[in-house]
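# Analysis of the macromolecular model
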Amino acid sequence: MQPQGNGMPIPGPFLPPPQMPETPMMPPLQATFPRQFSTLAIAAYLVGLLAVAGLASSVNMVMDWYWWVFGIVEVVGFFLASANLSKSWKNLKSKTFEKKLFWTGFGIRAIVVLFLYWFFYEMHGNHLMFASADEEFYVDISTYGASRLRDWHWGTFISDIIAYTNGHIDVADMGYPVWLSIVFSLTGDSLLLSRIVKAALGAFSCVLIYRFAKRNFGESVGRMSAIFCMLMPNLIYYCGINLKEIEMIFVIIVFLDSADRLLHTKKPSLKVYILPILSALALFTFRNVLGMTAVMALGLSLFISNVHNLNISRRWAMLIILVIIGSYFVGGKIYMEAERIWENRGTSQELRLQERAQRSGNRIIENASAAVFAPFIFTLPFPTMVETEGQETLRMIHGGLVVKNIMSGLTIFAIFLLLLEGGSIRKARWREHVLLVAMLGGYLVILVFSAFAHAERFHVPAVPMEMVLAAYGAARMTKKQRFMFSIWCVIMVTAMIGWNWFKLRGRGLM
């Protein structure tokens, strides 16, 4: 061992490397969702609800009583249960917590599935959702696909489905019809049983979110994230209808969890490499932009993540595998689709807004643009709390949107923490969580420039990722910083009132 000029030994093969300067220690994490937040959020919703009712009463557009019941159950149920369960479950063993999480989540979803099955029939004489055009399309082609499977046409049933729709369905929308065809073939085309399967997938998604968030942010954040997803009203609602959102979210979470395990595993086996790649490719069959975002997020993680297990050779090996397999399976069609989306971003958004304005009677919305949507992209959409024609679904889930709006304040706070902690962008903690930040940020940026920036269904895939960050924000917010949550609740009350005034004003009613 030879001394250096300053008397320090030169590191050699039998000496540990010199210690890097320690990063500033984080304050201890809040283990539970603060009851103060729960009380403030519920109060904000009730104030906004009553204020909008007063506004709408002058033009006879107050919501029917049953929409009030939906909203109160959604908001009060989410915030009270989040505070109570995060406290009562915080000392459970990990395996016990996962079992309680799954069975409680499944029970809630199964009850809602049964209720909506009855509710839709009572409201309009069938078991499909309001404005059920997309749902009817999926049920129709999946029923046909199931008949082909029962007749043992396994080798051709996908091409049969495409022919059945006269080519009106392509690779970017085949994932759900193929899955639903298989479920229908096993359940006798039962809508109810297919939705019970969704309830199971939704509950297991919460377990995967727990594992992902725990690996990234620790036990308390993992548990809060999972409880938020278990109780999130809009994630529960989609179990009760035959649209692709639940399955799509499940594949997203499988990708996040498996890709994150790949990044953190010291000696990954072949199967650890396979699942993130297959799940990323599967996303292309649900929504092209999600597949593209997943590939981009994993690629960025390999380039700039500071996960210690990722040495240079592993990074390049994984990148090469990702590029080769992605190119082989995806090919040029996805590239052309991505190019088309980008080139038509302005035109498609303008046409979509004009279509919505004409259908809803709201002429003001025609003037909206990406510049309007971008500042609010983590918070959108705002809740519909007035009796506007043809928007029953939005009124039914308005409480879930209020939950998303209020929780987005914690999501934004968490993003600022990840970007600013460490003293500079280069040293900040976001590099430890590139996969999550890139996946969420990439999808929302695409959404801003799309025709669906204020469409609730297109925000749903981002909700589990937003809940992870919201849990981190809640866990890191100190008592001295909690005044910011109070201010955010006041802003959201203003937004509720302003958005519903906007809806009435755009229809010439105010």
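Criteria and cut-off values
Residues numbered from 1 in each chain as written. Predicted model: local features only at pLDDT ≥ 70, side-chain atom pairs only at ≥ 80, totals over all residues. Heavy atoms only, no water. Helix = DSSP H or I, 4+ residues; strand = E, 2+ residues; numbered from the N terminus. Buried < 20%, exposed > 50% of the residue type's maximum accessible area, 1.4 Å probe, protein only. Contact = heavy atoms within 4.5 Å. Areas by Shrake-Rupley, 256 points an atom, 1.4 Å probe, with all protein chains shown as cover. Polar contact = N/O pair within 3.5 Å; in protein donor to acceptor, adjacent residues only side chain to side chain. Patch = residues over 30% accessible without salt bridge, like charges linked within 9 Å, V, L, I, M, F, W, Y side chains within 5 Å. Salt bridge = Lys/Arg side-chain N within 4 Å of Asp/Glu carboxyl O. Expected span 1.5 Å × (residues − 1). Arc of directions from axis to C-beta. Core = buried A, V, L, I, M, F, W, Y, C linked by side-chain atoms within 4.5 Å. Axes fitted to C-alpha atoms, helices over the stretch in contact; angles between N-to-C directions. Left-handed = near helix turned anticlockwise from the far one by under 90°. Nonpolar A, V, L, I, M, F, W, Y, C, P; charged D, E, K, R; others polar. Phe/Tyr/Trp six-rings, centres within 6.5 Å; stacked < 30°, edge-to-face > 60°. Lys NZ or Arg CZ within 6 Å of the ring centre and 35° of its normal.

Further remarks concern the overall build of the chain. Assigned secondary structure in the chain consists of 21 helices and zero strands. The buried share of the chain, taken over its 510 residues, is 52%. Put simply, 77% of the contacts in the chain that link residues at least 6 apart link residues at least 24 apart. As displayed, the chain offers around 23,300 Å² of accessible surface, 66% of which is attributable to carbon and sulfur atoms.

Here Ala56 lies in helix α1 (residues 35-57). Through-space distance from the C-alpha of Ala56 to that of Asn500 is 8.4 Å; in sequence the pair is 444 residues apart. Setting aside anything within four residues of it in sequence, one finds Ala56 in contact with Met61, Val62, Val386 and Leu504.

Right, let's talk about the environment of His127 for a bit. Mapped onto the fold, His127 is located in the loop between α3 (94-124) and α4 (133-150). Looking at His127, the relative accessible area reads 22%, which means it is partly exposed. As for His127 and Leu191, which are separated by 64 residues in sequence, their C-alpha atoms are 8.0 Å apart. Polar side-chain contacts of His127 include one of 2.8 Å to the backbone oxygen of Tyr117.

Another aspect to go through is a nonpolar patch on the surface. A contiguous nonpolar surface patch, about 360 Å² in accessible area, is contributed by Phe483, Met484, Ile487 and Ile491. Take Ile491: it is sitting in helix α21 (residues 483-506).

Attention now moves to the side chain of Ser185. Relative to the helices and strands, Ser185 is located in helix α6 (residues 175-187). When residues no more than four places from it in sequence are discounted, the contact partners of Ser185 are Ala146, Leu149 and Arg150.

A word on helix α7 (residues 191-217). Helix length check: α7, at 27 residues, gives a terminal C-alpha distance of 38 Å against a target of 39 Å (1.5 Å per residue), a fit within 8%. One side-chain oxygen at the N-terminal end of α7 lies 3.4 Å from the backbone nitrogen of Leu192; it belongs to Ser190. Taken from the residues just after α7, Gly218 is the one with a positive phi, measuring 105 degrees.

Given 3.6 residues per helical turn, the α-helix brings residues three or four places apart onto the same face. Listed in full, the buried residues belonging to helix α5 (residues 157-164) are Phe157, Asp160 and Ile161. Each buried residue of α5 sits inside an arc of 100 degrees when the element is viewed along its axis, so together they form one side. Of the surrounding elements, those touching the buried residues of α5 are α4 and α6. Positive phi shows up at Asn166, right after α5, with a value of about 55 degrees.

Here Ser225 lies in helix α8 (residues 219-231). The exposure class assigned to Ser225 is buried, which follows from its relative accessible area of 0%. Those residues within four positions of Ser225 in sequence are excluded, and the remaining contacts are Ile209, Ala213, Met467, Val468 and Ala471.

As a further point, take the pattern of salt bridges. Summed over the entire model, instances satisfying the criterion amount to 16 salt bridges. Put simply, Arg215 and Asp257 hold a salt bridge, and the shortest N to O gap is 3.0 Å. Highlighted residues: Arg215 in helix α7 and Asp257 in helix α10 (residues 245-264), separated in sequence by 42 residues. For Arg215, a relative accessible area of 28% corresponds to the partly exposed category. A relative accessible area of 5% places Asp257 in the buried class. Each of the salt bridges in this network shares a partner with another, and the network as a whole consists of Asp134, Glu245, Arg287 and Arg457.

When a protein is soluble and globular, its nonpolar side chains tend to lie buried together. By size, the foremost hydrophobic cluster in this structure holds 134 residues, and its most contacted members are Phe33, Phe79, Met407 and Met439. Among the elements that line this core, the one with the most residues is α10, at twelve residues. Discounting chain neighbours no more than four positions away, the residues touching Phe79 are Phe33, Ser38, Ala41, Ile42, Val403, Ile406 and Met407. Core analysis: the next-biggest nonpolar cluster, separate from the first, contains seven residues, Ile141, Ile169, Met174 and Val178 among them.

Time to look at the packing of helix α2 (residues 65-88) against helix α17 (residues 398-420). It is the contact of α2 with α17, at a shortest axis distance of 7 Å, that shows an interaxial angle of 35 degrees. In this structure, α2 meets α17 at a crossing whose hand is right-handed. Facing Trp67, Gly71, Glu74, Val75, Phe78 and Phe79 of α2, the residues of α17 in contact are His398, Gly399, Gly400, Val402, Val403, Ile406 and Met407. In terms of residue class, the contact of α2 with α17 is built from eight nonpolar, four polar and one charged.

Here we take up unusual backbone geometry. Geometrically, the link from Leu380 to Pro381 is a cis peptide bond, its omega value of -5 degrees lying close to zero. By the element assignment, Pro381 lies in the loop between α15 (370-373) and α16 (392-396). Look at Asn60: it is not a glycine, yet its phi comes out positive at around 55 degrees. Looking at the element boundaries, Asn60 is found in the loop between α1 and α2. By relative accessible area, which is 70% here, Asn60 ends up exposed. Phi angles above zero are rare outside glycine, and Ala131 is one such case at about 50 degrees.

What follows is about the packing of aromatic side chains. Tallying each qualifying case throughout the model produces 32 aromatic pairs. When the ring of Phe70 is compared with that of Phe115, the centres are 5.9 Å apart and the planes differ by 55 degrees; the resulting orientation is tilted. One end of the pair, Phe70, is in helix α2; the other, Phe115, is in helix α3, with 45 residues separating them in the sequence. Under the relative-accessibility criterion, Phe70 is labelled buried at 13%. When the ring of Phe120 is compared with that of Phe130, the centres are 5.6 Å apart and the planes differ by 85 degrees; the resulting orientation is edge-to-face. A residue pair is termed long-range when its members are at least 10 positions apart, and Phe120 in helix α3 and Phe130 in the loop between α3 and α4 qualify at ten residues. Just as Phe120 is buried, Phe130 falls in that class too. Among the aromatic residues, ring-to-ring pairing joins Trp65, Tyr66, Trp67, Phe70, Phe115, Trp118, Phe119, Phe120 and Phe130 into one connected group. Sitting above the plane of the Phe458 ring, Arg287 keeps its charged end 4.1 Å from the centroid.

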